[in-house]
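Per-entry structural report
As a plain string of letters, each chain reads:
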Amino acid sequence: MRIWTFFAALLGAFALAIVGTTPPAPVGADAPETEFSAARAMQDVAIIAAQPHVTGSPENAEVRTHIIARFEALGMEVTTTEGQVPERGLDKFGHWSGTRPDSLTFTNIIATLPGRDRTKPAIMLMAHHDTVWNSPGAPDDTAGVVAIIESLRASTAQGQLERDVVAFITDAEELGLVGARQFFGENPLRERVGAVVNVEARGGGGRTTLFQTSRDNGAAVELYADAVGTPGGSSLATFVYETLPNDTDLTPALELPLVAYNLSFIGRPGLYHSPLATPENLDQGSVQDMGQQTLALTRALGNAEALPEAAPNRTFFDLFGLLLIHYGAVVGWVLLALTAALHLYALRTNENSGGRTNRVWRSVGASLGVIVGGGGLLYALNWVSGSSVPDAYYDRLAAIPMLEAQALLICAGILAATAPLWAGRKGSAFGLVIALAAQILAPTTAFIIVFPLLVTGVATVAAHFLPKPWDAAPKIIGGAIAGGFLLQYGHQLMQGVGPTMPSLAALLAAFAIPVLGLLMPAVKGRTAMGVAVLCLFAATAVALFVRLDPVADTVADYESLKG
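Below: a short report on this structure. (Residues numbered from 1 in each chain as written. Predicted model: local features only at pLDDT ≥ 70, side-chain atom pairs only at ≥ 80, totals over all residues. Heavy atoms only, no water.)

**A short note on the nonpolar core**
- Within the largest apolar cluster, 57 residues are counted, with the highest numbers of intra-cluster contacts made by Phe71, Ile148, Leu152, Tyr261, Leu297 and Leu301.
- The leading source of residues in this core is helix H5 (residues 138-158), at nine residues.
- Beyond its immediate stretch of four places on either side in the chain, Leu152 contacts Phe71, Leu74, Met76, Leu113, Leu125, Val165 and Ala167.
- In terms of nonpolar packing, the next biggest core, distinct from the first, is built from 56 residues, Ala407, Val455, Leu493 and Ala506 among them. (Core = buried A, V, L, I, M, F, W, Y, C linked by side-chain atoms within 4.5 Å. Buried < 20%, exposed > 50% of the residue type's maximum accessible area, 1.4 Å probe, protein only. Helix = DSSP H or I, 4+ residues; strand = E, 2+ residues; numbered from the N terminus. Contact = heavy atoms within 4.5 Å.)

**Digging into the environment of Gly270**
- Summarising the element assignment, Gly270 is placed in the loop between strand S7 (259-267) and helix H10 (284-302).
- Using a relative accessible area of 13% as the deciding quantity, one classes Gly270 as buried.
- In the structure, Gly270 is positioned 127 residues away from Leu397 in sequence and 5.2 Å away in space, judged by C-alpha atoms.
- When neighbours within four sequence positions are excluded, Gly270 is seen to be in contact with Leu397, Ala398 and Thr554.

**As for the packing of aromatic side chains**
- In this structure the tally under the stated criterion is 19 aromatic pairs.
- Ring geometry for Phe6 against Phe7: centres 5.1 Å apart, planes inclined by 75 degrees, an arrangement best described as edge-to-face.
- With a relative accessible area of 12%, Phe6 lands in the buried category.
- Centroid distance Phe93 to Trp133: 5.7 Å. Interplanar angle 80 degrees. Geometry classified as edge-to-face. Separated by 40 residues along the polypeptide, Phe93 in helix H4 (residues 87-97) and Trp133 in the loop between strand S3 (122-128) and H5 bring together distant segments of the chain.
- With a relative accessible area of 9%, Phe93 lands in the buried category.
- Here Arg547 stacks its cationic end above the ring of Trp383, 6.0 Å away from the centre of that ring. (Phe/Tyr/Trp six-rings, centres within 6.5 Å; stacked < 30°, edge-to-face > 60°. Lys NZ or Arg CZ within 6 Å of the ring centre and 35° of its normal.)

**Considering the packing of helix H11 (residues 329-349) against helix H16 (residues 429-441)**
- Between H11 and H16, whose axes approach to 10 Å, the crossing angle comes to 170 degrees. As judged from the angle between their axes, H11 and H16 are roughly antiparallel. Residues Ala329, Gly332, Trp333, Leu336, Thr339, Ala340, His343, Leu344 and Leu347 of H11 pack against Ala429, Leu432, Ala435, Leu436, Gln439 and Ile440 of H16. (Axes fitted to C-alpha atoms, helices over the stretch in contact; angles between N-to-C directions. Parallel < 35°, antiparallel > 145°, perpendicular 65-115°, else oblique.)

**Let's talk about the environment of Arg190**
- In this fold, Arg190 is placed in the loop between helix H6 (178-186) and strand S5 (193-201).
- Expressed as a C-alpha distance, the spacing of Arg190 and Ala412, which sit 222 residues apart in the sequence, is 51 Å.
- Non-local contacts of Arg190, meaning those with residues more than four positions away in its chain, are made with Phe183, Phe184, Gly185 and Leu256.

**So, the pairing of strand S8 (residues 315-319)**
- In terms of burial, S8 is largely enclosed, as five of its five residues are buried.
- Both faces of S8 are covered, namely the face carrying Thr315, Phe317 and Leu319 and the face carrying Phe316 and Asp318.
- Strand direction decides the pairing type here: S8 and strand S9 (residues 323-327), joined by five bridges, are antiparallel. Across the sheet, Phe316 pairs through a bridge with His326, a residue of S9.
- Here S8 folds back onto S9, and the loop between the two strands holds three residues, one of which, Phe320, carries a positive phi near 60 degrees. (Pairing = 2+ DSSP bridges.)

**Comments concerning the sheet that holds strand S4 (residues 165-170)**
- Read from one edge to the other, the open sheet built from seven strands follows the order S1-S2-S4-S3-S5-S7-S6, with strand pairing classed as mixed. Each having just a single partner strand, strand S1 (77-84) and strand S6 (205-213) make up the two edges of the open sheet. With strand direction ignored, the average angle separating the axes of adjacent strands in the sheet is 20 degrees.
- Packed on one face of the sheet, helix H7 (residues 218-227) meets S6 and S7 and runs near 55 degrees to S7.

**Quick look at the pattern of salt bridges**
- All told, the structure shown has 18 salt bridges when counted by the stated rule.
- A salt bridge links Asp91 to Arg100; the shortest N-O distance between them is 2.5 Å.
- For Lys475, the salt bridge is made with Asp471, and the minimal N-O distance between the two is 3.4 Å. Like Lys475, the residue Asp471 is buried in the burial classification.
- Residues participating in the shared-partner salt-bridge network are Glu33, Arg40, Glu150 and Arg153. (Salt bridge = Lys/Arg side-chain N within 4 Å of Asp/Glu carboxyl O.)

As structure tokens, then:
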């Protein structure tokens, strides 16, 4: 086994991870009328996000006038509804501005595009048009609004859909989902809606991913997989999102028996609620990604003979943005069984070094060392970087790229420190135990362990039966796919919860051990420890830099945050 195999696989892994986390290129204004064009959508972004437009402001009314005009130009039936922002929303407004208003009126926009059969349940596309204080809101949620406008324009250019499509542009989302709660709580039109697609953003770029669905999503996921050409998202993301205290305008909609999809991008996180969230700083590729997915779902749902019915939840994940892999619980168990068979065989092929039991315990020790030691270091250096600093939420979001580099260095360091235990060893008994536990307790999340183990198992067995030098091919290919997969989802994990729960990255590092054991020849303890020390020294330097660096100029401009 040669070291070049390791570096070739590592290069391939980073290349695939970049493919999986990069949005598509924006399409120009000269694209066919039936296609989504980010360039056309950005014309609306320039108008809507020209300045902040909080609920109740004259700027908000100007934005609303523009959106209504765009819908009317498409031949849509447009109405508005009003209401009063509740006390908690007024308190939040006072937190932003420094002055609590006595009252605020919010105004929702409801526009209907008639379908051929108006008796069928309608499709709803939802976004919000209000912003937080002093943020133009180009990503949040102007990107969602224009994704809907341009998708409906492209849809009408192709012809009338079978069902009505309702564009619901809410107000006062930033003050507590106020507009959405009014509609789904009391508007009679809610009874006609059969499916909802909500589009949101928490940042200024990155891939658009499906991060939440309605319950019993089996059929809904199948439709998404068939309709969307560049899919993004996973059932792990939906599990994490629903476990944490999160809300979007989709939250009140999920109280009704609807088919629901929640789409968002969270890259360039420093631009969340930022004064710098301008049209110029919005990633047009992310707008293209969001729009393509919105248009694809609009057409698939709008022309469906019947909307997806409730069916058992499916495991799903995108493979480098190229396709969506999805399957039910039975297939999950079959894949786990196949993975177990491959790894048990791989364990038997290891060269004798102290007996089989000793090899297993060394592997377990390496995995536990990475999870416990790596998790502890991730937590400690996250604290050093400023995780305990009060009122630093937006500054921590801006620091996510640095925190991600810090986490990568820590994981590399702890893997290097434990390398004498796993280098040159094939198979993972510990990984199989964790995969079994995940399949039992949270089956839609088990893929994050099973898939890299399965790919590594196939590569290991294939390499075992191939003569040298051809045995390097499955190692490189398998290592690149499994490694790239873990890097892709590690990146998404850090973007989502990195500032608060970076220790989760240690789990992904432990799942990488079978991949690395296949690729990396046996190493000397002194060499491994030297690499570990260098990585941890660099990670500490990053943590100190983040801690001592001035507050980012992208942080939200709220009076309550000013010193």
